[in-house]
Amino acid sequence: MDLHLHLGEEGGLVEQIYAQLYERISTDALPAGTVLPSSRELAARLSVSRATVVAAYERLAAYGLIRSRAGIGTIVTERRSHAPVAPAASPLRPRPIWAAEQLAVPDLAGSEPEFDFAPGIPGRTQFPFARWRALLNDQLRMRTEVNYADPAGSARLRDVLARHLVVSRGVRTAPEQLVITTGAQQAFDIAARVLLEPGDTVAVEDPGYLPAYRGFLAHGARVVGVPVDSEGLVVDQLPAEARMVYVTPSHQFPLGMPMSESRRTALLAWAARQDAAIVEDDYDSEFRFTGRPLTPLQAIDSEGRVLYVGSFSKTLLPALRVGFLGVPATLGEAARRAKLVADYGTAGHLQAALAAFIEEGGLARHIRRMRRAYERRHHLLIGTLREQFAGILEPIESIGGTHMAALLTPGQPDDTVLAARALAAGVSVGTISRWGIDRSGPNGFIFGYGAIASDRIPDGLAALRRVI
């Protein structure tokens, strides 16, 4: 019985031994009754530890493929699994919406470029991994409650989050009006479940945040793009039939400007006249560099029309997959039920660790540290763009966040063409055109500065300048 092992192959030595024996047993190359070598003998043949062979044998035994017989050794059993057979083509087909190009899954596992200006990625090297690991370990060691919990989230996290939002953003919401979600994307999903009927119209910024657009579209809504200008969403162009409006007023995505005070007032007044809801995505609001913080729509909403969305993907790490949805009191129980329908609740140990992190001041300290780092990167980036890309790129003024946008001047090639050239040269940069809703967005780049250190920015922009 010859087995061939390769060091470094995915799955390791145990998986290789198991897989090769499984294949031979299931195809009758090793028929029932065959006596296998002892673990010690096979380990010697393969020049591996006996523990490695024992682990592979234990997996085969767990599936009923082999068993030990006194006086004989390890034998292949009569009850053996058969090699999987490809099923016939199924007559089942998804709803047509799932074949739409707008819902295609983007490539999220690309290789890491030398210079990463991709938007939406916070600083990873500055994340307090040691403290976070300690908090998680504490929760895993101390937790005795393993049953299902309140789908809306732990009472402790919702309580500390409500206090944090009052202090940091002026958002006043009771803990029972908060739902802890699996990222901001699930918050959009719950808002749609609670308020939208199939065919309802949802207005979104154009260009705008495509994941939110996709979420509303998948619920059967008619999603309409509404232009933005230097003051944010153009309220006068909202469709009268819109049941919901999605906006990013603190830092418009992807262009970066904040919504002006007059537009905020106009949007709230429009929603009151049209009996519509507003979904406020307050991403990146913690990282404002100049001027006083802009008051969220939720904080000046006197009628209870704003659903407030936030997440820890930009402030901490995207991989945490923890966000939140704040709703008017009239929607609190419905949102809780919608969360139960979606997934029964976000991981309890993550919620407990996050609550402890916020309570001990870890989140506030991390935000202050990252705000200073992002401000330095922002100023370096915009200064270099103005100096080295004059006549090619026109930066759009922004006052915070983890990214900024710049428009290509007339006559320049498409941003997708230039971005492909840049990537071939080791520079990853976002394109504005891909974020268009009803049509392609403006021709330009989005420069994220969360994933790239300050001292790498000049070299990265120099590499970009050489290909455009």
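The coordinates are above.
Here's what I pulled together on the structure shown here.

Conventions used here
Residues numbered from 1 in each chain as written. Predicted model: local features only at pLDDT ≥ 70, side-chain atom pairs only at ≥ 80, totals over all residues. Heavy atoms only, no water. Helix = DSSP H or I, 4+ residues; strand = E, 2+ residues; numbered from the N terminus. Axes fitted to C-alpha atoms, helices over the stretch in contact; angles between N-to-C directions. Left-handed = near helix turned anticlockwise from the far one by under 90°. Contact = heavy atoms within 4.5 Å. Nonpolar A, V, L, I, M, F, W, Y, C, P; charged D, E, K, R; others polar. Pairing = 2+ DSSP bridges. Buried < 20%, exposed > 50% of the residue type's maximum accessible area, 1.4 Å probe, protein only. Right-handed = clockwise from strand over helix to strand, strands pointing away.

Of note, the bond from Asp206 into Pro207 is cis; its omega dihedral lies within 30 degrees of zero at 5°. Structurally, the position occupied by Pro207 is in the loop between strand E6 (201-206) and helix H7 (210-218). Going from Phe253 to Pro254, the amide bond is cis rather than trans, its omega being 15°. Its place among the elements puts Pro254 in the loop between strand E9 (242-247) and helix H8 (261-274). The backbone of Asp275 sits at a positive phi, close to 55°, despite the residue not being glycine. On the secondary structure map, Asp275 appears in the loop between H8 and strand E10 (277-281).

The geometry of helix H6 (residues 183-195) relative to helix H10 (residues 332-343) is characterised by a closest axis approach of 9 Å and an angle of 115° between their N-to-C directions. In this structure, H6 crosses over H10, and the sense of that crossing is right-handed. On H10, the residues touching Gln186, Ile190, Arg193 and Val194 of H6 are Ala334, Ala335, Ala338, Lys339, Val341, Ala342 and Asp343. Along the lines of polarity and charge, the residues of the contact of H6 with H10 split into seven nonpolar, one polar and three charged.

Strand-to-strand pairing in sheets goes through backbone hydrogen bonds, with the strands running parallel or antiparallel. The sheet built from five strands is open, its strands ordered E4-E15-E16-E14-E13 with mixed pairing. A strand with exactly one partner marks an edge of an open sheet, and here the two such strands are strand E4 (115-117) and strand E13 (393-395). Direction aside, the axes of adjacent strands within the sheet are offset by 35° on average. Here E13 runs beside strand E14 (residues 403-408); their pairing, made up of three bridges, is antiparallel.

Here is the key point about a regular strand: its side chains alternate between the two faces of the sheet. In terms of burial, E10 is a largely internal element, five of the five residues being buried. Residues Ala277, Val279 and Asp281 line one face of E10 and the alternating positions Ile278 and Glu280 line the opposite face, and both faces are buried. Examined bridge by bridge, E9 and E10 share four bridges and lie parallel to one another. From the neighbouring strand, Tyr246 faces E10, where its bridge partner is Val279. Each parallel crossover has a hand, and for E9 linked through H8 to E10 it is right-handed. One ladder, built from four bridges, connects E10 with strand E11 (residues 306-311); its direction is parallel. Bridge assignment links Asp281 to a residue of E11, and that residue is Val309.

Function cannot be read off these values alone, since they describe shape.
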